[in-house]
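Secondary and tertiary structure notes
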Amino acid sequence: MNAVNTDKKIESLQVLRALAFLGIYLSHTGMRFSWSNLSVSIFFILSGFLLSYKYNDWNEKYGVVKSIGFSFQRIKKIYGLHIATMILTLIPLILFKIENTISLIVKTMLNVLLLQTWVPIITINVSINGVAWFLSVMTFHYFCFPAIVHWLKGIYNTKKLIIVSIVIWSSMLLTALCFIDFRGIDGKFFTYLTKFCPIFRLGDFSIGCIWGRILKINAERWGKNTLSKAKASICECVIFAATIGMVIIGKSSHTSTVMKWIWNPTSIYLIFSVILVVIFFLKGGVITEWITQRRMLVYLGNISGEMFLIHYVVLFYFQGIQNRLLHDTIQLSVLCKILIMIIELIITIICTWLWKFAVKWLRNLREI
């Protein structure tokens, strides 16, 4: 089983984090095959999983003040970069008057306060640096975490924990069903609810917390009694094949109410996210063992938090330059698109290096 030190990052899960980031990155570059919905759910599951695993024996009292403090401590690590990327995105929006001034002021205020996902309007949820919506949702989840971990402390039975996670998932599916026809089948509220709504996505986070506790209390037993490498490898092949199939089906155009309900941006992906987190954590088969030994993926996972915010800005500028140079008159070949995508990724990594260097330099300057 994966050796765990709560003071260090779990490398196998960092690889999964890197793969999740790449799924979002490919989606934002316009690639036909990507797994952004799965990636977002993985990020939510991983956040809850790792916090629950680390703070499993947390005995501190919780309340509104404590919860605000916990959320603040977690989000402040990335908040500076959030503001920096937001400003970089605002500059061309203001200079070229791309958006209405009043609208831009409102969106800016909501983004600064990380409240944009509490407004059920998708154009506000993904405004300015669009991916910052994830920070908005996570701010609320961090606030809820002390209460969640306090509640989970009283449950030691693995079967009960699994049942609770199934009940939460079922409740999410039922809630999605209740709103499927709100403002019509193509109503944007359904997408908002199942993708951006902080309360709805608390389901992903809570289930991640539950499975973090399950793995924590079963770490020793599951480590000794896991499947043989051959059986674990077969299971991994089946899981990866099923995941790819699920992503392909999920990207198809669904017109019926039933299919739209089943393949919402959250529910089905959540199941596969949990499974992937567990198998990457246990790392018992040949596939996960090989993937988790790729040092580049481990590195990308370690900087994925910063890359997540930075890549959207890089793509935003590249798209603006491309539009001005080509004027939609030249169709780029697939090879050119791939080359541009690689260049954008390299620039994103370089910008991440620069940001980390700047943060380290400022920290050292403050200590002098």
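The structure we're discussing is the one just above.
Let me sum up the structure you'll find in this document. (Residues numbered from 1 in each chain as written. Predicted model: local features only at pLDDT ≥ 70, side-chain atom pairs only at ≥ 80, totals over all residues. Heavy atoms only, no water.)

What about the overall build of the chain?
What counts, and what does not: Segments assigned H or I by DSSP are reported as helices when at least four residues long, segments assigned E as strands when at least two residues long, and all are numbered from the N terminus. Radius of gyration here uses only the C-alpha atoms, and the compact-globule reference equals 2.2 Å multiplied by the residue count raised to the power 0.38. Residue burial is assigned from relative accessible area. The probe radius is 1.4 Å, only protein chains are included, and a residue is buried under 20% of its type maximum, exposed over 50%, and partly exposed in between. By definition in these notes, contact holds between two residues if any of their heavy atoms fall within 4.5 Å. Per-residue and other accessible areas follow the Shrake-Rupley method at a 1.4 Å probe size, with only the shown protein chains counted as cover for residues. Note that His is not counted, nor are the chain ends; the positive residues are Lys and Arg, and the negative ones are Asp and Glu. In plain terms, the charge of a residue is placed at NZ if it is Lys, CZ if Arg, CG if Asp and CD if Glu.
Within the chain, the secondary structure is distributed over 17 helices and zero strands. Relative to its length of 368 residues, the chain is compact, with a C-alpha radius of gyration of 21 Å against a globular reference of 21 Å. Taken over the C-alpha atoms alone, the chain extends approximately 60 × 60 × 40 Å along its principal axes. Within the chain, the fraction of its 368 residues that count as buried is 47%. Taking all contacts inside the chain whose residues are at least 6 apart in sequence as the whole, residues at least 24 apart take part in 77%. Total accessible area on the chain stands at roughly 19100 Å², and carbon and sulfur atoms take up 68% of it. Distance between charge centroids for the chain: 2 Å, based on 36 positive and 15 negative side chains.

Comments concerning the pattern of salt bridges
Applied cut-off: The salt bridge definition used is simple: a Lys or Arg side-chain nitrogen within 4 Å of an Asp or Glu carboxyl oxygen.
Here the structure, examined in full by the defined rule, presents five salt bridges. Linking Arg-295 and Glu-11 is a salt bridge whose minimum nitrogen-to-oxygen distance equals 3.0 Å. Residue Arg-295 is located in helix 15 (residues 295-302), and its partner Glu-11 is located in helix 1 (residues 11-28); the two are separated by 284 residues in the primary sequence. Since its relative accessible area comes to 51%, Arg-295 is described here as exposed. Overall, the relative accessible area of 36% leaves Glu-11 in the partly exposed class. Measuring nitrogen to oxygen at the nearest pair gives 3.2 Å for the salt bridge that ties Arg-201 to Asp-204. One end of the pair is Arg-201 and the other is Asp-204, both in helix 9 (residues 198-217) and three residues apart, which spans about a single turn. Arg-201 gets classed as buried once you look at its relative accessible area, which sits at 1%.

Section: the packing of helix 1 against helix 2 (residues 36-54)
Quick reminder of the rule: Working convention: axes come from line fits to C-alpha atoms, limited for helices to the stretch in contact. Angles between N-to-C directions cover 0 to 180 degrees. Each angle receives one of four descriptions, namely roughly parallel if under 35 degrees, roughly antiparallel if over 145, roughly perpendicular if within 65 to 115, and oblique otherwise. Take the far helix as your reference; a near helix turned counterclockwise from it by less than a right angle gives a left-handed crossing, and one turned clockwise gives a right-handed crossing. Polar here means any residue other than Ala, Val, Leu, Ile, Met, Phe, Trp, Tyr, Cys and Pro, which are nonpolar, and Asp, Glu, Lys and Arg, which are charged; Gly is therefore polar.
Where helix 1 meets helix 2, the closest approach of the two axes is 8 Å, and the angle between their N-to-C directions is 150 degrees. Overall, the two elements helix 1 and helix 2 adopt an arrangement that is roughly antiparallel. The two elements helix 1 and helix 2 meet at a crossing, and its hand is left-handed. Contacts between helix 1 and helix 2 pair Leu-13, Leu-16, Arg-17, Leu-19, Ala-20, Phe-21, Gly-23, Ile-24 and Ser-27 from the former with Ser-36, Ser-39, Val-40, Ile-42, Phe-43, Leu-46, Phe-49 and Leu-50 from the latter. Split into classes, the residues belonging to the contact of helix 1 with helix 2 amount to 12 nonpolar, four polar and one charged.

Considerations on the packing of aromatic side chains
What counts here: Any two of the Phe, Tyr and Trp rings considered here, Trp counted by its six-membered ring, make a pair once their centres fall within 6.5 Å; the pair's planes then place it as stacked at under 30 degrees, edge-to-face at over 60, or tilted in between. Only lysine NZ and arginine CZ atoms are considered, and such an atom sits over a ring when it is within 6 Å of the ring centre and within 35 degrees of the ring normal.
Overall, the coordinates contain 21 aromatic pairs when judged by the stated rule. Seen from their ring centres, Phe-179 and Phe-189 are 5.5 Å apart, and the 45 degrees between their planes marks the pair as tilted. With Phe-179 in the loop between helix 7 (158-178) and helix 8 (188-196) and Phe-189 in helix 8, this residue pair connects regions lying 10 residues apart in the sequence. Given the relative accessible area of 30%, Phe-179 is considered partly exposed. Here the aromatic residues Phe-43, Phe-44, Trp-133, Phe-134, Phe-196 and Phe-308 are joined through ring pairs into a cluster of three or more. Of note, Arg-74 hangs over the ring of Tyr-142, and the distance from its end group to the ring centre comes to 5.7 Å. The positively charged end of Arg-213 is found above the aromatic ring belonging to Tyr-156, 4.7 Å away from the centroid.

A look at the environment of Tyr-55
Relative to the elements of secondary structure, Tyr-55 occurs in the loop between helix 2 and helix 3 (64-95). Once the C-alpha coordinates of Tyr-55 and Ala-232 are considered, the two residues, 177 residues apart in sequence, prove to be 29 Å apart. Ignoring any residue separated from it by four or fewer positions in sequence, one finds Tyr-55 in contact with Phe-70, Arg-74, Phe-145 and Val-149.

Regarding the nonpolar core
Rule in force here: Definition used in this section: a nonpolar core is a set of buried Ala, Val, Leu, Ile, Met, Phe, Trp, Tyr and Cys residues joined via side-chain atoms within 4.5 Å.
Within the largest apolar cluster, 97 residues are counted, with the highest numbers of intra-cluster contacts made by Leu-215, Leu-276 and Phe-280. When residues no more than four places from it in sequence are discounted, the contact partners of Leu-276 are Leu-16, Leu-38, Ile-42, Ile-239, Phe-240 and Thr-243. Within the second largest apolar cluster, five residues are counted, among which are Leu-90, Leu-93, Leu-104 and Ile-128.

Some thoughts on the environment of Tyr-62
The topology assignment puts Tyr-62 in the loop between helix 2 and helix 3. In this structure Tyr-62 comes out as partly exposed when scored by relative accessible area, which is 41%. C-alpha separation for the pair Tyr-62 and Phe-272, spaced 210 residues apart in sequence, amounts to 32 Å. Apart from residues lying up to four places away in sequence, Tyr-62 is in contact with Pro-146, Ala-147 and His-150.

Comments concerning helix 15
Our working rule: Within this analysis, the arc is defined by the directions that extend from the helix axis to the C-beta atoms.
For helix 15, the full list of buried residues reads Leu-297, Val-298, Leu-300 and Gly-301. Seen from one end, helix 15 has its buried residues packed into an arc of 165 degrees, which puts them on one side.

Quick notes on the packing of helix 11 (residues 229-250) against helix 13 (residues 267-282)
Packing of helix 11 against helix 13 leaves a shortest axis separation of 11 Å and a crossing angle of 155 degrees. Put simply, helix 11 runs roughly antiparallel to helix 13. You can see that helix 11 and helix 13 cross each other, and the crossing is left-handed. On the side of helix 11, the interface is formed by Glu-236, Ile-239, Phe-240, Ala-242, Thr-243, Met-246 and Gly-250, while helix 13 contributes Ile-268, Tyr-269, Phe-272, Ile-275, Leu-276, Ile-279 and Phe-280. Here the residues of the contact of helix 11 with helix 13 are counted per class, giving 11 nonpolar, two polar and one charged.

What is shown is where atoms sit, not what they do.
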